[in-house]
Amino acid sequence: MRFRHLMIPCTLVCIALALATAAAQTMKPEMLDEFDKKTGLKPVEIPNTQGYYMGKTHRGYNVVFTAKAGNVWGRYAARLTMGEIGREVGGFTAYLTGQQGRIGESVVDSPLDRVLSQYLGQPITVAIALKHNKPNAPRLDVLSDRATVAPQDGLPRREKIGSNPGYFYEEDAEFCKRVQGNAALMKRLKSLRNEYIRVDQSAVTFFFAGSEVEYSGLIRDHGDYYKMLNDLMDDLADFADAIQ
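Residues numbered from 1 in each chain as written. Predicted model: local features only at pLDDT ≥ 70, side-chain atom pairs only at ≥ 80, totals over all residues. Heavy atoms only, no water.

Caption draft 1: Looking closely at the pattern of salt bridges. The final tally for this structure, using the stated rule, is twelve salt bridges. Across the pair aspartate 241 and arginine 59 runs a salt bridge, and its minimum N-O distance is 2.6 Å. Highlighted residues: aspartate 241 in helix H9 (residues 225-241) and arginine 59 in the loop between strand S3 (53-58) and strand S4 (61-69), separated in sequence by 182 residues. On the accessibility criterion, aspartate 241 (42% relative accessible area) is partly exposed. (Salt bridge = Lys/Arg side-chain N within 4 Å of Asp/Glu carboxyl O. Helix = DSSP H or I, 4+ residues; strand = E, 2+ residues; numbered from the N terminus. Buried < 20%, exposed > 50% of the residue type's maximum accessible area, 1.4 Å probe, protein only.)

Caption draft 2: Seen up close, helix H8 (residues 212-222). Every buried residue of H8 is accounted for by Glu212, Glu214, Tyr215, Gly217, Leu218, Ile219 and His222. At the C-terminal side of H8, glycine 223 shows a positive phi close to 115 degrees.

Caption draft 3: Spotlight on the packing of aromatic side chains. A full pass over the atoms with the stated rule returns five aromatic pairs. Between phenylalanine 208 and tyrosine 215, the ring centres sit 5.4 Å apart and the planes meet at 35 degrees, which makes this aromatic pair tilted. Like phenylalanine 208, the residue tyrosine 215 is buried in the burial classification. Seen from their ring centres, tyrosine 225 and tyrosine 226 are 5.8 Å apart, and the 50 degrees between their planes marks the pair as tilted. The pair tyrosine 225 / tyrosine 226 is uniform in exposure class, with both members buried. Chaining the aromatic ring pairs together yields one cluster made of Phe35, Tyr225 and Tyr226. (Phe/Tyr/Trp six-rings, centres within 6.5 Å; stacked < 30°, edge-to-face > 60°.)

Caption draft 4: Representation of the side chain of glutamate 214 within the structure. On the secondary structure map, glutamate 214 appears in helix H8. Among the polar contacts made by the side chain of glutamate 214, one reaches the main-chain amide nitrogen of serine 211 at a distance of 2.7 Å. (Polar contact = N/O pair within 3.5 Å; in protein donor to acceptor, adjacent residues only side chain to side chain.)

Caption draft 5: Here's a closer look at the sheet that holds strand S9 (residues 166-170). On the basis of which strands lie adjacent, the open sheet formed by nine strands has the order S2-S3-S4-S5-S11-S10-S6-S9-S8 and antiparallel pairing. If you trace the sheet from one side to the other, it starts and ends with strand S2 (42-44) and strand S8 (157-162), each paired once. The sheet shows a mean angle of 20 degrees between the axes of neighbouring strands, direction not considered. Relative to strand S10 (residues 195-199), strand S6 (residues 140-143) runs antiparallel, the two sharing four bridges. Bridge pairing links valine 142 to isoleucine 197 in S10. (Pairing = 2+ DSSP bridges. Axes fitted to C-alpha atoms, helices over the stretch in contact; angles between N-to-C directions.)

Caption draft 6: View of unusual backbone geometry. Of note in the backbone geometry, arginine 59 takes a positive phi value of approximately 55 degrees without being a glycine. Residue class for arginine 59 comes out partly exposed when judged on its relative accessible area of 39%. Not every positive phi belongs to a glycine, and asparagine 133 is a case in point at roughly 60 degrees. The exposed category is assigned to asparagine 133, whose relative accessible area is 62%.

Caption draft 7: Region of interest: the nonpolar core. Phe168, Phe206 and Phe239 are the most contacted members of the largest nonpolar core, which totals 43 residues. Sorting elements by how many residues they give to this core places H9 first, with ten residues. Non-local contacts of phenylalanine 206, meaning those with residues more than four positions away in its chain, are made with Val126, Ala127, Ile128, Leu192, Glu195, Tyr196, Ile197, Leu218, Leu232 and Leu236. Ranked by size, the runner-up nonpolar core spans seven residues in total, among them Ala147, Tyr167, Tyr169 and Tyr196. (Core = buried A, V, L, I, M, F, W, Y, C linked by side-chain atoms within 4.5 Å. Contact = heavy atoms within 4.5 Å.)

In structure tokens:
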């Protein structure tokens, strides 16, 4: 993975709601009920991890969502957590964490572990993984020019989505055309910023890392926090639906 320069403004926004997963175990029942009512997401446990997660079945696909504020979990705990997510959802996350079923594999010195110190230094990180169970899925990336993290296995650049969301990157032109033929998806993608979306043989994954101001802009461009989460899950499901 490569990292790009990131400007970090000092302006703070209200993070309490935006990072609801980080306090899921301490949220009042009425707050959890509202979260469930507006997004369908509920707290879920991933064994042997130190972190809070929410999940649901969205349009027939299993989804796991997590958000972190700053370096609130030590590097060792992050290794455990990311390793478990890798085993849980596979695909891109498994690649990042080294959890691909090889004998003697370890999260230590995995691609993600090598950048954890910088990754954890970002004020806000968000990850959503959707497992599609379509092993013939072609690789596709949606990558913002402002993304903090990007793939090592770069793909040919295709059409531009917008100045904030960036470009499609894809070798399979037909798959890219099917995705672009979804007008509702294309409209929603224009609300993205600082993102990296990856489609691979196991999952569709959304990743954001940036400042409070950048995260506030992501929420604002979607309308509100709950709408952002619903839109992001719909984005991932639409990519999965486009896989033949």
